[in-house]
Amino acid sequence: MKFLELKVPPLALFVVILLLSYWLANSFTLVSFSLPYHQLILLLGILVSGVIGLSAVWEFKKRKTTVNPIKVDSASLVVDSGIFGYSRNPMYLALFILLFCFGYYLQNLLSLSLSFLFVIYMNRFQILPEEQALESLFGAEYVDYKQKVRRWI
């Protein structure tokens, strides 16, 4: 399955899963549930993921390195400041939070489960190949960063 590594842009995967979540919630109502505050959870998810995602993009732009997750080889440095001091993948974390909160909002077990499939896919086909490329590019500097900062949170 190596052919999937760094091939699907994370934002495209996010949109596909978001649409699939909506379709599943409307098609498979037998796995629906009722939890409180679903609108508030969605709103908080949008706010939190927005802050995390935008601060990550801001940090990359400030340090003048690429935001493109498909072209890892064009990274010019290890960004370890700002939000990257807490998560090595804050942009992916932001997407996960949105998917999870959307699944919660839809009140559907299948929709909610897709957010965790996103994490599994990202770990295997996006993050691991990224980490290998960054280790090749930056060596010990990136290995040290990996030891200090967790992958997600």
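Reading guide: rules and limits
Residues numbered from 1 in each chain as written. Predicted model: local features only at pLDDT ≥ 70, side-chain atom pairs only at ≥ 80, totals over all residues. Heavy atoms only, no water. UniProt positions renumbered as here; feature names shortened; annotations may be inferred. Helix = DSSP H or I, 4+ residues; strand = E, 2+ residues; numbered from the N terminus. Contact = heavy atoms within 4.5 Å. Buried < 20%, exposed > 50% of the residue type's maximum accessible area, 1.4 Å probe, protein only. Axes fitted to C-alpha atoms, helices over the stretch in contact; angles between N-to-C directions. Parallel < 35°, antiparallel > 145°, perpendicular 65-115°, else oblique. Left-handed = near helix turned anticlockwise from the far one by under 90°. Salt bridge = Lys/Arg side-chain N within 4 Å of Asp/Glu carboxyl O. Phe/Tyr/Trp six-rings, centres within 6.5 Å; stacked < 30°, edge-to-face > 60°.

**Overview of the UniProt feature "transmembrane region" (unreviewed entry) in the protein**
Phase 1 of the analysis: Using the residue numbers shown here, the UniProt feature "transmembrane region" (unreviewed entry) corresponds to residues 37–58 and 93–121.
Phase 2 of the analysis: In residues 37–58, the share of helix is 95% and the share of strand is 0%. The end C-alpha atoms are 31 Å apart.
Phase 3 of the analysis: Annotation note: span residues 93–121, helix share 93%, strand share 0%, distance between end C-alpha atoms 13 Å.

**With respect to the environment of Val72**
Phase 1 of the analysis: Checked against the element boundaries, Val72 lands in the loop between α2 (38–62) and α3 (90–106).
Phase 2 of the analysis: C-alpha separation for the pair Val72 and Gln39, spaced 33 residues apart in sequence, amounts to 36 Å.
Phase 3 of the analysis: Discounting residues that sit within four places of it in the chain, Val72 has contacts with Leu6, Glu130, Ala133, Leu134 and Leu137.

**Some words on the side chain of Glu59**
Phase 1 of the analysis: Along the chain, the position of Glu59 falls in helix α2.
Phase 2 of the analysis: In this structure Glu59 comes out as buried when scored by relative accessible area, which is 5%.
Phase 3 of the analysis: Ignoring anything within four residues of it in the chain, the contact list for Glu59 reads Val79, Ser81, Gly82 and Phe84.

**Points about the environment of Leu134**
Phase 1 of the analysis: As for its position among the elements, Leu134 is in helix α4 (residues 109–138).
Phase 2 of the analysis: Here the alpha-carbon distance between Leu134 and Trp23, two residues 111 residues apart in the chain, equals 37 Å.
Phase 3 of the analysis: Excluding its chain neighbours within four sequence positions, the residues that come into contact with Leu134 are Val72, Ala75, Gly139 and Tyr142.

**Focus on the packing of helix α1 (residues 10–27) against α4**
The relative placement of two packed helices comes down to the angle between their axes together with the axis-to-axis distance.
Phase 1 of the analysis: The interhelical angle for the contact between α1 and α4, taken along N-to-C directions, is 160°, at an axis separation of 9 Å. Taken together, α1 and α4 sit at an angle that is classed as roughly antiparallel. Note that α1 runs across α4; the crossing there is right-handed. Across the interface between the two elements, Pro10, Leu13, Phe14, Ile17, Leu20, Ser21, Leu24 and Ala25 of α1 pack against Leu110, Ser111, Leu114, Phe118, Tyr121, Met122 and Gln126 of α4.

**As for the pattern of salt bridges**
Phase 1 of the analysis: The final tally for this structure, using the stated rule, is 6 salt bridges.
Phase 2 of the analysis: Where Lys2 meets Glu5, a salt bridge forms, and the shortest distance between an N and an O atom there is 3.2 Å.
Phase 3 of the analysis: For Lys62, the salt bridge identified is with Glu59, shortest N-O distance 3.3 Å. Within this pair, Lys62 and its partner Glu59 are both found in helix α2, separated by 3 residues, close to a single helical turn.

**Description of the packing of aromatic side chains**
Phase 1 of the analysis: Overall, the coordinates contain 8 aromatic pairs when judged by the stated rule.
Phase 2 of the analysis: Between Phe60 and Phe84 the ring centres are 4.8 Å apart and the planes differ by 15°, which places this aromatic pair in the stacked class. Here the residue Phe60 occupies a position in helix α2, and Phe84 occupies one in the loop between α2 and α3, the gap between them amounting to 24 residues.
Phase 3 of the analysis: By relative accessible area, which is 14% here, Phe60 ends up buried.
Phase 4 of the analysis: Cluster of aromatic residues (ring-pair linked, three or more members): Phe96, Phe100 and Phe116.

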